[in-house]
Every structure is written in structure tokens, then in C-alpha cells.
Amino acid sequence: MIEAAAQLAVNAIALGAIYALVALGFVLVIGAVGAVNFGHGELVMLGGMVAVGAATLLPADTALPGLVVLPAVLAVMAVAGLVVAAVAYAPLRRAPPTSVFIATIAVGLIVQHGVTAGIGPEPRRGPPLVDGGVVDIAGIGLSHQQLATIAAAAALILAVHVLLQRTRFGRRLRAAAQDPEMARAIGIPVPITIAVSFALAAALAGAAGLLLSNQYLVTPTDGGMLMLKAYIATVIGGWGRIWGAALGAFAIAVFETLVAAAASYLVAEALLYVGVLAVLAFRPRGLFGEAAGRRA
């Protein structure tokens, strides 16, 4: 009983850490441009597919582990983020936010259908981060894969925190997000910081895709569901609050895991949306209030 509860807790934390990576990237773009990237879920899916492809570059008996593939996925997805910024934002930077999110929907559909046409609609399994063994902690057997997922996601989340809070670039990024006109006036290259925000968001999405792809598989149509989870996490945590969205992501994962274990995944999904409606009814600005100045 205790072992089952511990394993359930580790599963919830691992899933929450992955959802947090998705939500962090989602909110970074909101903060940078004041508009939603509705193609963010497809970037998560694309990251999983890149991981699948990278891990199979060698023969099956020498397949690359996820930890080796991860840097390549981050690099490839950062470039993909720059492409999204150039295609879906840069030409529309003076247009209303609705124009941007329509453009990102189009980009997401292009990615989804491109992947489907290229490799087919079948689910794919990505590489495990580490071997499939079990570690014994206080008599409780915990999966190496789940623990490695938590560790990898935590390292990436910590790296984002250090980048945003402890570096000169992070201060410039936050200044450009809060007041673009003032940032330009003091010499901050706002277009570059926005492009880097898209790149960083896509890299985090790619990492989440890799971490999801082994245990949960990845299919070209996963983007919509992942996008919705990021949106809900942002609503729960307070629109535009990076760490509020991360906490909202963990709340979603814990809720889904516990309810799915007690009932079913379908029940968990239905009750999740009921919970979101309750939050909006009693806390319209989210549990931690809004940080962004506008919504899209």
C-alpha cells in the first residue's frame, strides 16, 4: 500500500514537472509579446518526434539514450522557435494580438499535418532518459525513468529561473516584456529578446516532448491536448505569472494522477474542466492574480 502510494506520488511529480516545462514556455511567449502561441502544443509534439528520430539514427542495438538526445532536441527546437517568431509574429508585430494567435494556429496545423504526412499518424515511442531499472529507497522500488524525468525537468526549470532572475539577459528580457517602449528607449534590442523568448519557449516545449514520448508515446495529434493543459495551468496560476503557471501545471498533474487512479482518465479530464470553471468563478484572475497587462 505504501509502495503504491509512493509510486503514485512520483508519477504525479514527474508528470507535473513535464507539464511545468510546457507551461513555462507558454507563459514566456505571453510575457514577451502579449499574445498566445496557440501552436505551442504542436511544438511539444514536434520535440517528441525529433527525439524519436534522433534516437534512431544508430542501429537498434545502439540506440541513443534520452539524456544524450536531449541537447540535440533543445537545439533543434530553439531553431524551430526562431522560425515561429519570424513567420507568426515578426510580420504581425504591429497587428492586434488576435492576428498573432491566428497565425500561430496556422503554424501549429502546418506542423501537425506536416508530421502526419511525413511519418504517418501512428504513436511513436521516444528514447528513455536512462535504463529501465528500479532503485530501492526505504524499501520502496521507484523507477529510474521517473526519477530521471523529475531530475531533468527540475534542472531545466532551475536553469530558466537563473536565466530570468540572475543574468543581465534575463533582466533585459523581463524589461522588454513589461514595457517594450521604455526598453527600446534605453537601448534594449526588443526584437532580439522576443526572438530569444520564442526560441527558449520552443526548447522547453521540445524537452517536455522528449520526456513525454517514452512513457506516454507521442502522436501528431497530441498538440491540442498539451496546448489546453498549458492554457489551463496559466489560468489557474494567474495570467502571465511564470511560476504561477508552473504551480498550476503541478496541480493539474496531481489532480489527474489521483483521480485517474481512483476512477479513470476520462473522469479525471472531465473533473479537471469542472475545477477550472470553479477557479474562474471564484478567482477570475487565477490563484495568484494576473501579471500580464492584457489577454489574447
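The present account deals with the structure reproduced in this document. (Residues numbered from 1 in each chain as written. Predicted model: local features only at pLDDT ≥ 70, side-chain atom pairs only at ≥ 80, totals over all residues. Heavy atoms only, no water.)

## Things to note about the packing of aromatic side chains
Right, on to step 1. All chains considered together, the criterion is met by four aromatic pairs.
Right, on to step 2. Summarising the aromatic geometry, the rings of phenylalanine 38 and tyrosine 231 are spaced 6.0 Å apart at their centres and angled 20° between planes, so their arrangement reads as stacked. You can see phenylalanine 38 sitting in the loop between helix 1 (2–33) and helix 2 (40–55) and its partner tyrosine 231 sitting in helix 9 (residues 223–237), a full 193 residues away along the chain.
Right, on to step 3. A relative accessible area of 24% means that phenylalanine 38 is categorised as partly exposed.
Right, on to step 4. In this structure an aromatic cluster arises from ring pairing among Phe26, Phe38, Phe101 and Tyr231. (Phe/Tyr/Trp six-rings, centres within 6.5 Å; stacked < 30°, edge-to-face > 60°. Helix = DSSP H or I, 4+ residues; strand = E, 2+ residues; numbered from the N terminus. Buried < 20%, exposed > 50% of the residue type's maximum accessible area, 1.4 Å probe, protein only.)

## Digging into the pattern of salt bridges
Right, on to step 1. Taken as a whole, this structure holds four salt bridges when the rule is applied.
Right, on to step 2. The salt bridge involving glutamate 181 is made with arginine 184; its shortest N-O contact spans 3.0 Å. Of this pair, glutamate 181 and arginine 184 both sit in helix 7 (residues 180–185), separated by three residues, roughly a single helical turn.
Right, on to step 3. Residue glutamate 181 is classed as exposed on the basis of its relative accessible area of 56%.
Right, on to step 4. For arginine 184, a relative accessible area of 42% corresponds to the partly exposed category.
Right, on to step 5. The closest approach of N and O atoms between lysine 229 and glutamate 256, which form a salt bridge, is 2.7 Å. Of this pair, lysine 229 sits in helix 9 while glutamate 256 sits in helix 10 (residues 242–262), and the two are 27 residues apart along the sequence. (Salt bridge = Lys/Arg side-chain N within 4 Å of Asp/Glu carboxyl O.)

## Overview of the packing of helix 9 against helix 11 (residues 265–282)
Right, on to step 1. For the pair helix 9 and helix 11, the least separation of the axes is 10 Å and the interaxial angle reads 35°. In this structure, helix 9 crosses over helix 11, and the sense of that crossing is left-handed. Packed against helix 9, whose contacting residues are Leu228, Lys229, Ile232, Val235 and Ile236, the element helix 11 presents Tyr265, Glu269, Leu272, Tyr273, Val276, Val279 and Leu280 at the interface.
Right, on to step 2. For the contact of helix 9 with helix 11, the class distribution of residues is 10 nonpolar, no polar and two charged. (Axes fitted to C-alpha atoms, helices over the stretch in contact; angles between N-to-C directions. Left-handed = near helix turned anticlockwise from the far one by under 90°. Contact = heavy atoms within 4.5 Å. Nonpolar A, V, L, I, M, F, W, Y, C, P; charged D, E, K, R; others polar.)

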